[in-house]
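Chain by chain, the residues run as shown.
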Amino acid sequence: RMGHADVIETSILLATHAELVRMDLARADGYRDQLSGAVFSTRGIPERTAGGGVGDPTGATAEFGLACVDAAVVATLAMIRRLAGDPTADLEAARR
């Protein structure tokens, strides 16, 4: 399950702006009321979480962050190619 300040977001920041990340302060957080991570609102996050995060950043690494950025770029490129009229564009083609 994904969430704000989770392993994905923290890994991306470690890969792109490591100087902004304090892994010594990283703690698993989450909604105290056990609502789904699919709630797309910032309303009530300070009251509903221990520290404002909605995930577990403790396993974050810069290497995983680079893989996440790469996957996002490849998927975005495939989507752009499809929108531009290439019906055969897929993730493998975008990697080339």
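Residues numbered from 1 in each chain as written. Predicted model: local features only at pLDDT ≥ 70, side-chain atom pairs only at ≥ 80, totals over all residues. Heavy atoms only, no water.

S.K.: Please explain helix H1 (residues 7–17) as it appears in this structure.
M.R.: A turn of α-helix holds 3.6 residues, and therefore any two residues three or four places apart point the same way. For H1, every residue scored as buried is listed here: Thr10, Ser11 and Leu14. Here the buried residues of H1 occupy an arc of 100° about the axis, which is enough to place them on one side. On its buried face, H1 is in contact with helix H3 (62–83). Residue Asp6 occupies the N-cap position of H1, its side-chain oxygen lying 3.2 Å from the main-chain nitrogen of Ile8. (Buried < 20%, exposed > 50% of the residue type's maximum accessible area, 1.4 Å probe, protein only. Helix = DSSP H or I, 4+ residues; strand = E, 2+ residues; numbered from the N terminus. Arc of directions from axis to C-beta. Contact = heavy atoms within 4.5 Å. Polar contact = N/O pair within 3.5 Å; in protein donor to acceptor, adjacent residues only side chain to side chain.)

S.K.: How should I be thinking about the environment of Val21 in this particular structure?
M.R.: Its place among the elements puts Val21 in the loop between H1 and helix H2 (45–48). A residue is classified by how much of its surface remains accessible, and Val21, at 17% relative accessible area, is buried. Residues Val21 and Ser11, ten residues apart in the sequence, show an inter-C-alpha distance of 9.3 Å. In this view, Val21 contacts Thr10, Leu13 and Leu14; residues no more than four positions away in its chain are not counted.

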